[in-house]
Amino acid sequence: MRNGRHRTALVAGGAGFLGSHLCDALLAEGAEVICLDSFVTGRRQNLRHLARDPRFTLIEADITEPLPAALAARRPEAVFNLACAASPPHYQGDPEHTLLTCVLGTRNLLRLAESTGARFVQASTSEVYGDPEIHPQVESYWGHVNPTGPRACYDEGKRAAETLCFDYLRAGRADVRVARIFNTYGPRMRADDGRVVSNVVTQALAGADITLYGDGSQTRSFCYVSDLIDGLRRLGSLATPVPSAVNLGNPVELNVAQLVERVLALTGSRSAVVRRPLPADDPRRRRPDITLARRLLGWSPCVPLETGLRACIAWFEEEMRPGACRPSQAKDAAAEAPAVADLHRQPAEDASQRSRPRRMNQAEDARLVARPGR
Ligand SMILES: NC(=O)c1ccc[n+]([C@@H]2O[C@H](COP(=O)([O-])OP(=O)(O)OC[C@H]3O[C@@H](n4cnc5c(N)ncnc54)[C@H](O)[C@@H]3O)[C@@H](O)[C@H]2O)c1
C-alpha cells in the first residue's frame, strides 16, 4: 500500500457498470488491476479501452466456484467485491445463482482476502433496507425485507453477505468495509437492465411510450457514477477498518414522475407516459442518510442530476445509434471487442446461453489469466 493507495487491486465484477469505472479509477491512480468477471451481466466492451494497458489483467471466472489459484499468487492488497447482477430482471433471471453469488462468492473472496491480508470492500446495497419504514435510511436501521419474495435472492443475499463480512471483521480474519450503494446511474449502464434511469432514457430517445410504474410517486435518489466510485475509493483507502456499513448515495430525492419529466425535457422527446402496476415489493421511498460517509470519508456527491442525466443521455444516444453495439443485440459484445476478447481463452458464448451464467472449469485457471500485450 502506498499513501493509502493499493499497488494491486482485485475488482470482482469489474466488467460491469460500476466495476469497469472502478477499474479505470484504480488504474488512473497507478494501481495494477486484476478484473475477475463471469460476464453474466458485464460486457467486454466496458473494458475494451484497457486491452493494451500492461497494468490490467482480466480473468474470466465465476466467484461461486473455487477461485483461480493465480489470484492468490498475485497477492492483491485490496479486494473489491462488486460481482453480482444488480438489476431486478437480471438478478431474478437466475435467483439461485444470485443468492449463491452473494453468499458463496463473497465467502470465496473473503477467504482470499484472509489468506493474502488484502483489504476487502463489499458492494452492498440500499436493498438491504427493503421497503423502509424509516426515512431517510440510516445505517443503524435493520430494514424491512420480504424474505420470500422475488427480490429476496438479491436483498437477502446481500444481507447475508454483510453478515459474513462483519463476522470476518469481528474475528480479525479480514479488514472489511461495506458500502451500501443507492441507485447509481451513468455511462455503461445497459439499456436492457430494467433500471428506472435506463428505462426512461432509452424509451424517451426511441420516442416509445415511457412506462411509469404505479402513480410515479415512489421516490428514488440518483447518484452519478463518478461520485459513487470516489466514495468507494475513499472507503477502500481509509486507514482503519469501519465497524459499520456506510451508505453511499445521493441524498437528493425525487419521485419517478419527476424524473420522467426531466428526461423528457432534456431529450426533447414527445413520448407518451403509460402506467403499469408496481412490481412486487418495490420500495416506496429511498433516500440515504450520508452523515456517516461525510464524517468518515469527507465524501458527498457533487454531480447535479441534470449534469449526470445529460452524460447518461449522450451515452444512450451513442448506444442506440444505428450500427452501434447494443446490449440487446443477439451477437455477443465480445465479437465486437476483439482486443479484449482476445484475452480470453474461452469461446464467446452464444445468445441462448447468456441468460444463465457460464459455469467454468476453474481447474483451468492457469489458462484463464492473460495480460494484454503478452
Ligand atoms: N448500480 C447500482 O445502482 C447499484 C446499487 C446498489 C448496489 N450495487 C452493487 O454494485 C455492484 C455492481 O453493480 P452494477 O450496477 O455494476 O451491476 P452489473 O450487473 O453491471 O455488474 C455486476 C458484474 O458482476 C459480474 N458477476 C455477476 N455475478 C458474478 C459471479 N458469480 N462471478 C463473477 N462475476 C459475476 C457481472 O458479469 C457484472 O460484470 C453489485 O454488487 C450491486 O449489487 C449497484
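Residues numbered from 1 in each chain as written. Predicted model: local features only at pLDDT ≥ 70, side-chain atom pairs only at ≥ 80, totals over all residues.

## Let's talk about the site of the ligand
Note the threshold: By convention here, the C-beta atom is placed from the backbone, and a residue is near a molecule or strand when that atom is within 6 Å of it. Every helix listed is a DSSP run of H or I at least four residues long, and every strand listed is a run of E at least two residues long, numbered separately from the N terminus. All residues other than Ala, Val, Leu, Ile, Met, Phe, Trp, Tyr, Cys, Pro, Asp, Glu, Lys and Arg, Gly among them, are scored as polar; the first ten of these are nonpolar and the last four charged.
The ligand sits among 27 residues. The nearest are Gly13, Gly16, Leu18, Gly42 and Ala86. Elements supplying a minimum of two residues to the shell around the ligand: helix H1 (17-28), helix H4 (95-116) and strand E5 (119-125). Each residue belonging to the shell around the ligand can be placed in one class, and the counts come to 13 nonpolar, 12 polar and 2 charged.

## Some details on the environment of Leu110
Worth spelling out the cut-off: Any residue whose C-beta has 12 or fewer other C-beta atoms within 10 Å is treated as exposed, any with 20 or more as buried, and any in between as partly exposed, C-beta atoms being built from the backbone. Two residues qualify as being in contact provided that their C-beta atoms, derived from the backbone, are within 7 Å of each other.
Residue placement: Leu110 occurs in helix H4. Overall, Leu110 belongs to the buried group, with 24 C-beta atoms counted inside 10 Å. Separated by 64 residues in sequence, Leu110 and Ala174 place their C-alpha atoms 7.2 Å apart. Discounting residues that sit within four places of it in the chain, Leu110 has contacts with Phe120, Leu164, Cys165, Tyr168 and Ala174.

## Some details on the nonpolar core
Going by this rule: By convention the nonpolar core is taken to be a set of buried residues drawn from Ala, Val, Leu, Ile, Met, Phe, Trp, Tyr and Cys and joined through C-beta atoms within 7 Å.
Counting 88 residues, the largest nonpolar core has Val11, Cys35 and Phe80 as its most contacted members. The greatest single-element share of this core, amounting to 7 residues, is contributed by H4. The residues contacting Cys35, other than those within four sequence positions of it, are Val11, Gly14, Ala15, Cys23, Leu47, Leu58 and Ile59.

## Things to note about the environment of Pro54
With respect to the secondary-structure elements, Pro54 resides in the loop between strand E2 (32-37) and strand E3 (56-60). Through-space distance from the C-alpha of Pro54 to that of Val33 is 9.6 Å; in sequence the pair is 21 residues apart.

## Examining the packing of H1 against helix H7 (residues 225-237)
The line we're drawing: Note on method: axes are straight lines fitted to C-alpha atoms, helices fitted across the in-contact stretch only, with angles between N-to-C directions ranging 0 to 180 degrees. Each crossing is labelled by how the near helix is turned from the far one, with a counterclockwise turn of less than a right angle marking it left-handed and a clockwise turn marking it right-handed.
In contact at an axis separation of 10 Å, H1 and H7 are set at 65 degrees when each is read in the N-to-C sense. In this structure, the crossing between H1 and H7 has a hand that is right-handed. Contacts between H1 and H7 involve Leu18, His21, Leu22 and Ala25 on the former and, on the latter, Val225, Leu228, Ile229, Leu232 and Arg233.

## Let's talk about unusual backbone geometry
Trans is the common state for peptide bonds, and a negative phi is the common state for residues other than glycine. The peptide bond linking His135 to Pro136 adopts the cis configuration, its omega dihedral lying at -10 degrees. The phi angle at Arg188 is positive, at roughly 85 degrees, despite the residue not being glycine. We classify Arg188 as buried; it has 20 C-beta atoms within 10 Å. Phi is positive for Asp281, which is not a glycine, with a value near 60 degrees. Taking the number of C-beta atoms within 10 Å as the measure of exposure, Asp281 has 17 and is therefore partly exposed.

## As for the confidence of the model for the protein
Rule in force here: One number per residue, pLDDT, summarises how confident the predictor is, and it ranges from 0 to 100.
Here the protein averages 87 in pLDDT, and 85% of its residues register 70 or above. For the stretch residues 326-374, pLDDT sits under 50, and the model shows 87 contacts to residues farther than four places along the chain or on other chains.

## Quick notes on H7
How we decide: One less than the residue count of a helix, multiplied by 1.5 Å, gives the span that helix is expected to have.
When the terminal C-alpha atoms of H7 are compared, their 18 Å separation across 13 residues agrees well with the 18 Å that a helix rising 1.5 Å per residue should span. Residues Val225, Asp227, Leu228, Ile229, Gly231, Leu232, Arg233, Leu235 and Gly236 constitute the buried set of H7.

## Considering the pairing of strand E4 (residues 78-81)
Note on strand geometry: in a regular strand, side chains alternate between the two faces of the sheet. Formally: Paired strands are those between which DSSP finds at least two bridges.
Judged by which residues are buried, E4 turns out to be covered on both faces: Ala78 and Phe80 on one side and Val79 and Asn81 on the other are all buried. For E4 and E5, the ladder comprises 4 bridges, and the chain directions are parallel. By the bridge assignment for E5, Val79 is matched with Phe120.

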